[in-house]
Every structure is written in C-alpha cells, then in structure tokens.
Amino acid sequence: MDEHLFLKGQRVITPEGEGEVADAIGDNIVVKLDSGATQTFPSDDLQDNNSAG
C-alpha cells in the first residue's frame, strides 16, 4: 500500500516548484508555492522535500 500523507506546513516539491502544504482535502493537497501562488495538486504529484537528495 503506497499511502501519501501530507501535513499542514510540510515542505514539498510539486511539478510547479517547491512550496508548503496549506491544506489537505482528501487526495488533493493545497500548496502555497515559494513563488507566492497557491495551487492544488493530487498527492501523487507531490514529493516530500526531506526525501529529495
């Protein structure tokens, strides 16, 4: 079972760049990107920033 769990405030890497989890609604994760934009991504599109590198 490959379950993704993202917590508010967690740093993540998205297809649009790095950001911070603002909210998690089911399988959709709202991310405030470092650019200042806020976007929603499916959890499958996100990576935990800590696991990169």
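Quick caveat, the model's predicted, so the values are computed rather than measured.

Visitor: What is the right way to look at the pattern of salt bridges in this model?
Guide: Where charged atoms from two side chains of opposite charge approach closely, those side chains can pair. Tallied over the entire structure, the rule returns two salt bridges. The salt bridge involving arginine 11 is made with glutamate 18; its shortest N-O contact spans 3.6 Å. A residue is classified by how much of its surface remains accessible, and arginine 11, at 30% relative accessible area, is partly exposed. Of the charged contacts in the structure, one is a salt bridge between aspartate 34 and arginine 11, with a shortest N-O distance of 3.0 Å. Of the two residues, aspartate 34 is situated in the loop between β3 (28-33) and β4 (38-42) and arginine 11 in strand β1 (residues 11-14); the sequence distance between them amounts to 23 residues. You can call aspartate 34 exposed: its relative accessible area is 54%. A network of salt bridges, in which partner residues are shared, links Arg11, Glu18 and Asp34.

Calculation criteria
- Residues numbered from 1 in each chain as written.
- Predicted model: local features only at pLDDT ≥ 70, side-chain atom pairs only at ≥ 80, totals over all residues.
- Heavy atoms only, no water.
- Salt bridge = Lys/Arg side-chain N within 4 Å of Asp/Glu carboxyl O.
- Buried < 20%, exposed > 50% of the residue type's maximum accessible area, 1.4 Å probe, protein only.
- Helix = DSSP H or I, 4+ residues; strand = E, 2+ residues; numbered from the N terminus.

Purely geometric stuff here, so don't read any function into it on its own.
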